[in-house]
Amino acid sequence: MNVKPLVIGDLKARFPLIQGGMGVGISLSGLAGAVAKAGGIGIISTAQIGYREPDFDSNPIEVNLRTIGKEIRLAREKAEGGILGVNIMVATKRYEDYVKAAVKAGIDLVVSGAGLPIKLPELIGESKTKIAPIVSSVKSANVILKMWDKKYKRTADLVVIEGPKAGGHLGFKREELDHIEELNYDSEIQGIMQVVKEYAAKYAKKIPVVFGGGIYEREDVERYLDMGLDGVQVASRFVTTYECDADEKYKQAYIDAKQEDIIIVNSPVGMPGRAIQNHFAKESRNGAYRPVKCRQCIQTCNPADTPYCITDALVNAARGKIEDALLFCGANAYKAKKIEHVEDIFKEYFS
């Protein structure tokens, strides 16, 4: 395997790996800082990032905005000069303020999905912060890059492709996820790469493309780098590390999971998601977890008709209340067998 650095404009990561953003509270300063220190790009998820703060329940959005800067500073201390980014969902309430808070704190990269980040170039302004849309189809790549070109006369600094084997919220229809092998997704990847090349040529710049979704072992990394991608995005593998910000019970849930335990769930966000089967996954379908308070997280959420509060479900996961939690994971999370260090994963992948 020919390992090259991942270069995004004036940013250069020693290894072609981005750690996927995982919320709520799974990839904060601890994990992101460790990944950046190891030579990859560490990503902090801003989804309800302030859930541990004492005043979170009374004013969640303002607490989150305050905590973004705090977590970035903490991650910088751990990163020792490494590259850091944030993952901010477009579906987040007051999305624009989250982006601005991260830029103000000096973040290197903003990665944005769960919707079309059409306004992202405007929000980062003249800052040095790089921008990367998350796409799952040629269509979405075309729409975003065309809009950025037309409206802002600029293009992406990086493009992240998330495939059907990724964890958390997925940009696919439920029936597509039930028949993954029929998707012929490699051709979609090639199509997205071609779209990106066209805009790279127009703007006379290199736009790296990374792929995430189901990447767990070294052979997975090799496969996608050999396809011509510039890097990979890895998330689930980093959950079972000492440095991951999640509770130990959350990590153990990955280690205990069997392949048949990993299922597709319906999220209140309006997208299907991949998670570990548990009491919550079964009972939330029956209305056992109806929300009692709005946590101000998703623009489209209406507490009156949503089956459960996704903030409560994900906060429970981060805190180790496993049976009352939504346990997001990638398709290969069942392969976890032990707790390891971030540095060990990099050695396995790239040595």
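Residues numbered from 1 in each chain as written. Predicted model: local features only at pLDDT ≥ 70, side-chain atom pairs only at ≥ 80, totals over all residues. Heavy atoms only, no water.

## Brief notes about the pattern of salt bridges
- Evaluation of the coordinates by the stated rule reveals 20 salt bridges.
- Across the salt bridge formed by Lys 70 and Glu 53, the nearest N and O atoms sit 2.9 Å from each other. Of this pair, Lys 70 sits in helix α2 (residues 60-79) while Glu 53 sits in the loop between β4 (41-45) and α2, and the two are 17 residues apart along the sequence.
- For Lys 70, a relative accessible area of 35% puts it in the partly exposed group.
- Each of the salt bridges in this network shares a partner with another, and the network as a whole consists of Glu 53, Asp 55, Arg 66 and Lys 70. (Salt bridge = Lys/Arg side-chain N within 4 Å of Asp/Glu carboxyl O. Helix = DSSP H or I, 4+ residues; strand = E, 2+ residues; numbered from the N terminus. Buried < 20%, exposed > 50% of the residue type's maximum accessible area, 1.4 Å probe, protein only.)

## Notes on the packing of helix α1 (residues 29-38) against α2
- Running from N to C, α1 and α2 point in directions that differ by 35 degrees, and their axes come no closer than 8 Å. Crossing geometry of α1 relative to α2 is assigned as right-handed. Across the interface between the two elements, Ser 29, Gly 30, Gly 33, Ala 36 and Lys 37 from α1 touch Glu 71, Leu 74, Ala 75, Lys 78 and Ala 79 from α2.
- Each residue belonging to the contact of α1 with α2 can be placed in one class, and the counts come to 4 nonpolar, 3 polar and 3 charged. (Axes fitted to C-alpha atoms, helices over the stretch in contact; angles between N-to-C directions. Left-handed = near helix turned anticlockwise from the far one by under 90°. Contact = heavy atoms within 4.5 Å. Nonpolar A, V, L, I, M, F, W, Y, C, P; charged D, E, K, R; others polar.)

## Observations regarding helix α3 (residues 95-104)
- Taken residue by residue, α3 has Tyr 95, Tyr 98, Val 99, Ala 101, Ala 102 and Val 103 as its buried positions.
- Packing partners of the buried residues in α3 comprise α2, β5 (83-87), β6 (109-112) and α4 (120-124).
- After α3 finishes, the residue Gly 106 shows a positive phi value of roughly 85 degrees.

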